[in-house]
Amino acid sequence: MIQEQWVKAIFVAIPLVLIGLRLIRLHWALRIPAAAACGFAVAVLLVAMLPTGILAYLVSFSIMAGIYAILSLGLNSQWGLTGHLNFGIAGFFAIGAFTSALFTMSMPTGLLANYAKQAFGLEMPFLVGVLAAAIVAGLVAFLIAIPVLKLREDYLAIATLGIAEVIRLAFQNERWLANGPQPLRGIPRPLSCLVEDPACAWLPDSLATWLTPLAQRDYIFPYLVIVAVFVAVIYVALERISRSPWGRALRAVREEEASAAMNGKNVASLRVQSFVVGGVIMGIAGALYGPYVISISYSHFRPLFATFLVWVMLMLGGSGNNRGAILGAFIIWGVWSGTAFLADAITPLLSLISDDFASRSPYLRWMLVAILLELIVLYRPKGLLQEQKVVSLFLPRELPKKVPRTKT
Amino acid sequence: MTQRQKMPSPPPRNDDEPEATGEILLGVRNLSKRFGGLQAIDRCSLEVRRGTITGLIGPNGAGKTTLFGAITGFHRPDSGRVVFKGENITALAPHEIFSKKLCRTFQIPREHKGLTVLENLMLVPPGQIGERFWNAWLRPGEVRRQERENRDKAREVLEFVSLSHLEQEYAANLSGGQKKLLELARTLMADPDLVLLDEPGAGVNRTLMKRLTENIQYLCRERGITFLLIEHDMDMVMSLCNPVIVMSEGRKLMEGPPDAVRSDPRVLEAYLGGQYAAAERQ
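Residues numbered from 1 in each chain as written. Chains lettered and ligands numbered in written order. Predicted model: local features only at pLDDT ≥ 70, side-chain atom pairs only at ≥ 80, totals over all residues. Heavy atoms only, no water.

Visitor: Can you explain the overall build of chain A? Please cite residues and give values.
Guide: The number of helices and strands found in chain A is 17 helices and zero strands. For 408 residues, the compact-globule estimate of 2.2 N^0.38 gives 22 Å, and the C-alpha radius of gyration of chain A, at 23 Å, lies within 12% of that figure. In chain A, which comprises 408 residues, the share counted as buried stands at 50%. Of the contacts formed within chain A by residues at least 6 apart in sequence, a portion of 77% connects residues at least 24 apart. As displayed, chain A has an accessible area near 19000 Å², and 70% of this comes from carbon and sulfur atoms. (Helix = DSSP H or I, 4+ residues; strand = E, 2+ residues; numbered from the N terminus. Rg over C-alpha atoms; globule rule 2.2 N^0.38 Å. Buried < 20%, exposed > 50% of the residue type's maximum accessible area, 1.4 Å probe, protein only. Contact = heavy atoms within 4.5 Å. Areas by Shrake-Rupley, 256 points an atom, 1.4 Å probe, with all protein chains shown as cover.)

Visitor: I'd like to hear about the interface of chain A and chain B, residue by residue, with values.
Guide: Taken together, the contact between chain A and chain B spans 37 residues of the former and 41 residues of the latter. When chain A packs against chain B, close to 3600 Å² is buried across both sides, 58% of that on carbon and sulfur atoms. Sorting the residues of chain A by area buried against chain B places Arg-248, Met-262 and Lys-389 of chain A first, and these three jointly supply 20% of that buried surface. The interface formed by chain A and chain B holds three salt bridges in total. Measuring nitrogen to oxygen at the nearest pair gives 2.8 Å for the salt bridge that ties Arg-248 of chain A to Glu-147 of chain B. One can count 18 residue pairs in polar contact (both at pLDDT 80 or more) joining chain A with chain B. For the side of chain A that touches chain B, the secondary-structure elements that each account for two or more residues are helix H10 (220-242), helix H11 (245-255), helix H12 (257-262) and helix H13 (267-293) of chain A. Sort the elements by how many residues they give to the side of chain A that touches chain B and H11 of chain A lands first, with seven residues. Broken down by class, the residue content of the side of chain A that touches chain B amounts to 18 nonpolar, nine polar and 10 charged. (Buried area = accessible area lost by both parts, 1.4 Å probe. Salt bridge = Lys/Arg side-chain N within 4 Å of Asp/Glu carboxyl O. Polar contact = N/O pair within 3.5 Å; in protein donor to acceptor, adjacent residues only side chain to side chain. Nonpolar A, V, L, I, M, F, W, Y, C, P; charged D, E, K, R; others polar.)

Visitor: Residues and numbers for the packing of aromatic side chains, please.
Guide: Taken as a whole and assessed by the stated rule, the structure comprises 22 aromatic pairs over all chains. Arranged with centres 5.8 Å apart and planes meeting at 80 degrees, the rings of Phe-92 of chain A and Phe-275 of chain A form a pair that is edge-to-face. You can see Phe-92 of chain A sitting in helix H4 (residues 89-104) and its partner Phe-275 of chain A sitting in helix H13, a full 183 residues away along the chain. A centroid spacing of 5.6 Å and a plane angle of 90 degrees characterise the contact between Phe-103 of chain A and Phe-120 of chain A, whose relative ring orientation is edge-to-face. Placement of the pair is Phe-103 of chain A in helix H4 and Phe-120 of chain A in the loop between helix H5 (112-115) and helix H6 (126-148), with a sequence separation of 17 residues. We note Arg-104 of chain B situated over the ring of Phe-74 of chain B; from NZ or CZ to the ring centre the distance is 5.4 Å. It is Arg-110 of chain B that lies over the ring of Phe-106 of chain B; its NZ or CZ is 4.5 Å from the centre. (Phe/Tyr/Trp six-rings, centres within 6.5 Å; stacked < 30°, edge-to-face > 60°. Lys NZ or Arg CZ within 6 Å of the ring centre and 35° of its normal.)

Visitor: Go over the pairing of strand E10 (residues 251-256) of chain B with me, naming the residues and quoting the values.
Guide: All names here are of chain B. Pairing geometry for strand E9 (residues 244-248) and E10, over five bridges, is antiparallel. Looking at the pairing, Ser-248 lines up with Arg-251 of E10. Hairpin connection from E9 to E10: two residues lie between these consecutive antiparallel strands, with Glu-249 at a positive phi of about 50 degrees. (Pairing = 2+ DSSP bridges.)

Visitor: Outline the domain arrangement of chain A, listing residues and values.
Guide: All names here are of chain A. By domain assignment, chain A separates into domain 1 (1-49) and domain 2 (55-303). On a C-alpha basis, the centres of domain 1 and domain 2 stand 27 Å from each other. Contact with domain 1, which involves 13 residues of that partner, is made by 16 residues of domain 2. For the pair domain 1 and domain 2, the summed buried area comes to about 1300 Å², and 82% of that belongs to carbon and sulfur atoms. Per-residue buried area on domain 1 facing domain 2 is highest for Val-7, Lys-8 and Phe-11; these three make up 38% of the total on that side. The interface formed by domain 1 and domain 2 holds one salt bridge in total. Among the salt bridges present, the one from Lys-8 reaches Asp-218, with a minimum N-O distance of 3.7 Å. At the boundary of domain 1 and domain 2, one finds two residue pairs in polar contact (both at pLDDT 80 or more). (Domains from an automatic or database assignment.)

Visitor: Just give me the short version of the environment of Arg-323 of chain A, but keep the residues and values in it.
Guide: Residue and element names in this part refer to chain A. Turning to its location among the elements, Arg-323 is positioned in helix H15 (residues 322-353). The class for Arg-323 is partly exposed, based on a relative accessible area of 29%. Distance from Arg-323 to Arg-168, taken between C-alpha atoms, is 30 Å for residues 155 residues apart in sequence. Sequence-distant contacts of Arg-323, defined by excluding residues within four places in its chain, comprise Arg-22, Arg-25, Tyr-235, Leu-385 and Gln-388.

Visitor: Can you explain a nonpolar patch on the surface? Please cite residues and give values.
Guide: There is a patch of nonpolar side chains on the surface, built from Leu-342, Met-367, Leu-368, Ile-371, Leu-375, Leu-378 and Tyr-379 of chain A and spanning about 710 Å² of accessible area. The greatest single-element share of the nonpolar patch, amounting to six residues, is contributed by helix H17 (residues 361-379) of chain A. (Patch = residues over 30% accessible without salt bridge, like charges linked within 9 Å, V, L, I, M, F, W, Y side chains within 5 Å.)

Visitor: So what's going on with the sheet that holds strand E2 (residues 38-49) of chain B? Which residues, and what values?
Guide: Residue and element names in this part refer to chain B. Strand order in the open sheet made by the four strands is E2-E1-E4-E5, with antiparallel pairing throughout. At either end of the open sheet lies a strand with only one pairing partner, and these are E2 and strand E5 (87-88). One ladder, built from eight bridges, connects strand E1 (residues 24-35) with E2; its direction is antiparallel. In the sheet register, Gly-27 faces E2, and the bridge partner there is Glu-47. Strands E1, E2 and strand E4 (79-84) of the sheet are contacted by helix H2 (residues 64-71), whose axis makes an angle of about 110 degrees with E1. (Axes fitted to C-alpha atoms, helices over the stretch in contact; angles between N-to-C directions.)

Visitor: Hey, could you go over the sheet that holds strand E7 (residues 194-198) of chain B for me, with residue numbers and the actual values?
Guide: All names here are of chain B. Ordered in space as E6-E7-E8-E3-E9-E10, the six strands form an open sheet in which the pairing is mixed. The sheet is open, and its two borders are formed by strand E6 (102-104) and E10, each paired with just one other strand. Strand-to-strand twist of the sheet, defined as the mean angle between neighbouring strand axes without regard to direction, takes the value 20 degrees. The strands that helix H7 (residues 176-188) touches are E6, E7 and strand E8 (226-230); relative to E7, the one it contacts most, it runs at about 165 degrees. Sheet contacts for helix H11 (residues 265-272): strand E3 (53-57), E9 and E10; angle to E10, the most-contacted strand, approximately 140 degrees.

Visitor: Got a sec to walk through helix H7 (residues 153-173) of chain A? Specific residues and values, please.
Guide: All names here are of chain A. The terminal C-alpha atoms of H7, which comprises 21 residues, lie 30 Å apart, in line with the 30 Å expected from a rise of 1.5 Å per residue. Turning to H7, its buried residues number three or more, namely Leu-156, Ala-157, Thr-160, Ala-164, Ile-167, Arg-168 and Phe-171. For H7, the angular spread of buried residues about the axis comes to 105 degrees, placing them on one side. Residues of H7 that are exposed and angled more than 90 degrees away from the buried face: Tyr-155, Ile-158, Val-166 and Asn-173. Where the residues of H7 are buried, they touch H4, H6, helix H8 (175-178), H13 and helix H14 (303-317). (Expected span 1.5 Å × (residues − 1). Arc of directions from axis to C-beta.)

Shown next, in the form of structure tokens:
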């Protein structure tokens, strides 16, 4: 392996080590070295075996899947825990993306200022952008929650769908805000200096020379690490609160509101809390999406792309299970990306039937995903990973008692 | 609390009512609730005294369950007052009323189906700091300590209602009678002063019914919990409750010891309609 490959292998290894830490069930003293060893071994194998193009594709795939995993985790803390039928994911995603973009970008100057408009450009660091995205998305979720959470189920779904469209159309039409119908270009990428020349000023020289083989297009490798760390942190944070007395109270509200109220739970407040927590997480996903695609526009936040897919992910992975939310995101994003190849492959075949048909092949993807959703709902309504039986993680694990199992 | 002194003295009593004993724990004053054209509760007034197991009976549609709903904050009464421990609790939210240590169960058990029996109970205790989500991050030790306490308490309560063997079972998988026991168990987790039981015996077999009755008597005697219970099973009412309040058409019809209620012509009339009483008179 050449040096470039070693560098890439190290970047690829970090997400794999994080996965290993979750999957390997050993005492921490053994788990950390085991996860590190497995992660690095797999990363080295991947980098050495795969052609550069395919490796790069897999990394970009994982970045998008990771961003979807965050959306799916956000939806899980609304739908999975409390049963909010939120069909407005795209709205919070858009708010997060545009907010962090405006916080981190600089105002257009010179000639460009005639063509590109934006409300402000604060040139803040990336993490401040993420924080701002989280806060603004949370605030919007809170303001929406007050009137909308009086609704239940399908009425809530319609209301949130409408609100997400309002948000998208506002970004489309308000030119002063975020360049209106034109895309907002040039969102700064965090740590992009790692792959640039000259390298980041704060990097020690030895590290900088070690990183030199990376070209600009290899930025996806460090960005994969950033996304993976965000997924991991959000997963741990959510797992902690969703399997605490708070999560239990939310589940109680989901199952039987009147009874939860009679058990002294403030139902209205709990419902708002879970909606806001979900909104915050979706906003963070938006903040991670912007720097990855560099230019964002209103058209990225259509309900099909940013709401419908996320729902399929969570339904497949398993509502109420945070691990399921992440797993579902990767599988569905895999199916979605895979069907692109499929659509390409059958285009010549379709054009034999009619020219019209061939140009419509992309829509086949939606059909396939919709069929998949039907199959999930029919055959695997609880998803691949079911909700854990014991909610509380704050109790010492006990050996399961011998209890005669009754059939559900 | 000055409200206690201000509380209006109870209206003049009929001769057939028992001698007043004990402090008035719950007072309902002229409570009314209308659903559209239906006057579900019509200026209803009644009292529950501390330490009693008070029965609430009456024909279907007499407004018993609606009265429970109006007392516990599920229905906002149109007029009237509910006074609990000398404090006006009219139209407080259900969770606020719960915090005053007034609990209720439901006619049809409303267990949290997807939670285990144990966690159905661990849900209940008030003052869990882990119910603020940031405490799961910031004060995990304290949350852990409370969880252990609540689990031990839940196990004690499960022992008491003989559901221990089902503690890790989903509540949805329980039988109808076991769900009734779970409902009772849930109220015990809150250390209540007053429990409103809505038909605790409905759909419960004889053996279980006997256990339920014993449990209620034990709790009243040993833990000083006051009960107000709606029940259609007259055997249960007669053996368990004293006094018994009869409701009809949204009002209190009469109150008295079980024997007096059983033989009162007004009660028969309420249950069977006017013709029966008219036939009696002829």
